[in-house]
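# Structural features, examined
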Amino acid sequence: MFMWKMAPALSCGNTVVIKPAEQTPLTALHIGALIKEAGFPPGVVNIVPGFGPTAGASIASHMDIDKVAFTGSTEIGQLIKEASAKSNLKRVTLELGGKNPCIVFADCDLQLAVEETQKGAVYNQGQCCTAASRVFVEESIYEEFVRRSIETAKKIIIGDPLDPQTSHGPQISRKQFDKIMDLIESGKEEGARLEYGGAAVGEKSLFIQPTIFSGVKDHMRIAKEEIFGPVQCIFSFKRQQEAIERANNSKYGLVSAVFTTSMDRALSVSAALETGTVWINCYNALHAQTPFGGYKMSGNGRELGKYALAEYSEVKAVTIKLSETL
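Residues numbered from 1 in each chain as written. Predicted model: local features only at pLDDT ≥ 70, side-chain atom pairs only at ≥ 80, totals over all residues. Heavy atoms only, no water.

To keep things clear, this is the line we draw: UniProt positions are given in the numbering used here, feature names are shortened, and annotations may be inferred rather than shown by experiment.
In the nomenclature of an unreviewed UniProt entry, the protein is known as aldehyde dehydrogenase (NAD(+)) of Cyclopterus lumpus. Looking at the Sequence similarities (unreviewed entry) heading of the UniProt record, one finds this comment for the protein: "Belongs to the aldehyde dehydrogenase family."

## Observations concerning the side chain of Thr 211
How we decide: Labels follow the DSSP assignment, with helices taken as runs of H or I lasting at least four residues and strands as runs of E lasting at least two, numbered in each case from the N terminus. Pairs of N or O atoms are called polar contacts if they sit within 3.5 Å, as long as, within protein, a hydrogen donor faces a hydrogen acceptor (for residues adjacent in sequence, only side-chain-to-side-chain pairs). Contact between two residues is taken to exist if any of their heavy atoms lie within 4.5 Å; hydrogens are not considered.
Summarising the element assignment, Thr 211 is placed in strand 8 (residues 211–214). Polar side-chain contacts of Thr 211 include one of 2.8 Å to the backbone nitrogen of Gly 198. Contact partners of Thr 211, with chain neighbours within four places excluded, come to Ile 184, Leu 194, Tyr 196, Gly 197, Gly 198, Pro 230, Val 231 and Gln 232.

## Notes on the packing of helix 1 (residues 2–11) against helix 2 (residues 26–38)
Helix-helix packing is characterised by the crossing angle of the two axes and by the distance between the axes. Rule in force here: Geometry is summarised by axes, namely lines fitted to C-alpha atoms with helices restricted to the contacting stretch, and by angles between N-to-C directions that run from 0 to 180 degrees. In this scheme the crossing of two helices becomes right-handed for a clockwise turn of the near helix relative to the far one and left-handed for an anticlockwise turn of less than a right angle. Asp, Glu, Lys and Arg are counted as charged, while Ala, Val, Leu, Ile, Met, Phe, Trp, Tyr, Cys and Pro are counted as nonpolar; the rest, among them Gly, fall into the polar class.
For the pair helix 1 and helix 2, interaxial distance at closest approach is 12 Å and the crossing angle is 35°. Crossing angle aside, the handedness with which helix 1 passes helix 2 is right-handed. The residues of helix 2 that touch helix 1, namely those facing Phe 2, Met 3 and Met 6, are Ala 28, Ile 31 and Ile 35. Residue classes in the contact of helix 1 with helix 2 are distributed as 6 nonpolar, no polar and no charged.

## Describing the nonpolar core
Put simply, the rule is: The term nonpolar core refers to a set of buried residues drawn from Ala, Val, Leu, Ile, Met, Phe, Trp, Tyr and Cys, joined through side-chain atoms within 4.5 Å. Think of it in three bands: residues with accessible area under 20% of the maximum for their type are buried, residues over 50% are exposed, and the middle band is partly exposed, with areas taken using a 1.4 Å probe on protein chains only.
Membership of the largest hydrophobic core comes to 27 residues, with the highest contact counts inside it found for Val 104, Val 137 and Phe 145. Going through the elements one at a time, strand 5 (101–104), helix 5 (110–122), strand 6 (134–138), helix 6 (142–153) and strand 11 (255–259) are the ones with two or more residues in this core. With 5 residues, helix 6 is the single largest residue contributor to this core. With 26 residues, the next largest nonpolar core counts Ile 180, Phe 213, Phe 235 and Leu 273 among its residues.

Structure representation (structure tokens):
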């Protein structure tokens, strides 16, 4: 996130002030040390750790800041837009939440779909805006998809994040841990079937087991709210148009995925999905050349690729009178 913003900003000749999330300041401070070591002129990159209501709010409302790029929750993104409007109408680009759908058709490579959607759901313990938290599976392969997803989840290694063998670490904070556990409980209470996980690991830790729900219905909280935790919700569908409509039935529109061996189907479904990114037979396939950003309440503006450069530059028209006859 740091580099996605800093690189295009500096490339376009800007100076930057970067406030990392209060939960994760250390990587930004380390990069600051490397920037100093590399010989950047003083004042070009400024790293300001702090809390949102103080440091973040000051940046959003500052009269001498021309542009703010933010990655985080939709609620805070709205506050930044409001602060911009009330101050100097600074440009704002936002990369916000997601409730990202995957559509898995019966003709897909089933094992590939199982592995990719599950990696998408539990990557970084689900603490990722692109988390694959809604998986729509065609009815004829639904039971086998759920069975294989459970077997794959059992192989996930939970442990110390600094151990190279570990693939699943803790949540970022007690507050986030409690939110995830509350949503897991709501899923059980509202009638979803808990197929795997759903519990804390140890009594005092912030580790949560990778969790799989089947039989999820669109009205449930786990189907509508961004969980930001290692929870995979698996739905079934009968018809292609039904899957598209249900996938689009969200206030978010960040990313989506389609799994099928029919390229015609993949492209037609991709065109119909209301998300800024669609992955076909893969997930979290991010590249520096590929623009990234959301529709609807997942934000606006784009990062990466040439589109990111436009966010950090202004267009100016200069017209010269060349002669009396022109």
